[in-house]
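# An overview of the molecular structure
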Amino acid sequence: MGQFFVIHPDDPQSRLIKQAVKIIQDGGIVVYPTDSAYAIGCQLENKGALERIRQLRQLDGSHNFTLICRDLSEIATYAIVDNSSFRLLKAHTPGPYTFILKATKEVPRRLLQPKRNTIGLRIPSNRIVQALLVELNEPLMSVTLALPDQEYPFVSAHDINAILGNQVDLVIDGGICGAVGTTIVDLVEGAPKIVRAGKGDPNVFA
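Here goes a summary of the coordinates provided. (Residues numbered from 1 in each chain as written. Predicted model: local features only at pLDDT ≥ 70, side-chain atom pairs only at ≥ 80, totals over all residues. Heavy atoms only, no water.)

Our focus in this paragraph is the sheet that holds strand S7 (residues 140–144). The strand order S1-S8-S2-S3-S7-S4-S6-S5-S9-S10 describes an open sheet built from ten strands, whose pairing is mixed. At either end of the open sheet lies a strand with only one pairing partner, and these are strand S1 (3–6) and strand S10 (193–196). Neighbour-to-neighbour, the strand axes of this sheet turn through a mean angle of 30 degrees, independent of strand direction. Looking at chain direction, strand S3 (residues 39–43) and S7 are connected through five bridges and run antiparallel. (Pairing = 2+ DSSP bridges. Helix = DSSP H or I, 4+ residues; strand = E, 2+ residues; numbered from the N terminus. Axes fitted to C-alpha atoms, helices over the stretch in contact; angles between N-to-C directions.)

Within helix H6 (residues 157–164) the residues assigned to the buried category are Ala-157, Ile-160, Asn-161 and Leu-164. Seen end-on, H6 carries its buried residues on one side only, within an arc spanning 100 degrees. Along its buried surface, H6 packs onto S1, strand S2 (30–32), helix H2 (47–57) and strand S8 (170–173). In this structure Ser-156 caps H6, since a side-chain oxygen of it lies 3.2 Å from the backbone nitrogen of His-158. (Buried < 20%, exposed > 50% of the residue type's maximum accessible area, 1.4 Å probe, protein only. Arc of directions from axis to C-beta. Contact = heavy atoms within 4.5 Å. Polar contact = N/O pair within 3.5 Å; in protein donor to acceptor, adjacent residues only side chain to side chain.)

On to the environment of Val-6, then. Inspection of the secondary structure puts Val-6 in strand S1. Between the alpha carbons of Val-6 and Asp-173 there is a distance of 4.7 Å; along the sequence they are 167 residues apart. Beyond its immediate chain neighbours, meaning those up to four positions away, Val-6 contacts Gln-13, Leu-16 and Asp-173.

This paragraph deals with the environment of Pro-202. With respect to the element layout, Pro-202 can be found in the segment after S10. Since its relative accessible area comes to 24%, Pro-202 is described here as partly exposed. In sequence terms Pro-202 and Thr-183 are 19 residues apart; their C-alpha atoms lie 6.7 Å from each other. Beyond its immediate sequence surroundings of up to four residues, Pro-202 is in contact with Thr-183, Ile-194 and Ala-197.

This brings us to the pattern of salt bridges. In this structure the tally under the stated criterion is seven salt bridges. Residues Glu-135 and Lys-18 are paired through a salt bridge, measuring 3.5 Å at the closest nitrogen-oxygen approach. Here Lys-18 lies in helix H1 (residues 14–25) and Glu-135 lies in helix H5 (residues 127–136), a separation of 117 residues in the sequence. Classification of Glu-135 by relative accessible area gives partly exposed; the value is 34%. Across the pair Arg-52 and Asp-169 runs a salt bridge whose closest N-O atoms are separated by 2.8 Å. In this pair, Arg-52 sits in helix H2 while Asp-169 sits in the loop between H6 and S8, placing the two residues 117 residues apart along the sequence. With relative accessibility at 32%, the residue Arg-52 sits in the partly exposed group. Since its relative accessible area comes to 26%, Asp-169 is described here as partly exposed. (Salt bridge = Lys/Arg side-chain N within 4 Å of Asp/Glu carboxyl O.)

It is worth stressing that arrangement in space is one thing and function is another; only the former is reported here.
Shown next, in the form of structure tokens:
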């Protein structure tokens, strides 16, 4: 059975954040709240943890993961950001948007969209995630937590723990989350293209 932490959504307890990051650094997979829905993530370079998440979510090798970043400078380490893209990112982060950009060589090839060499990145506004990222000092490799037979993601950490607690290393309870994923915006060609409408207002890119 994995661990279960109740972390305050507005004032995350430093002791619990440090323990959560230690679990991630030791190769664990962690369920955590975001500003859209609960997600499951692991350390960027950990192949074994990635495969555990794939098996849990029953994802094939073509499914795209997202890099959860703490700020724009971290995004610029992992993606090629031109001036127009930077202005859009600055205006709409942090928030419930995932942006698809051309990846830099810092991104492991197994995470890339193979034909386009792109990666999805986002900066959530959730304070628990922000605290985790600051302590971890690198992005989280992540995907929304929804099982194959679910139409919508989990909204309650207690439900997640009851169903998946013995398959993950940590569930972080940060309160009730939404059941809608992020809005996905493709910036590869310069002009924004909405790939999926989600929690973030897609009309701001029209």
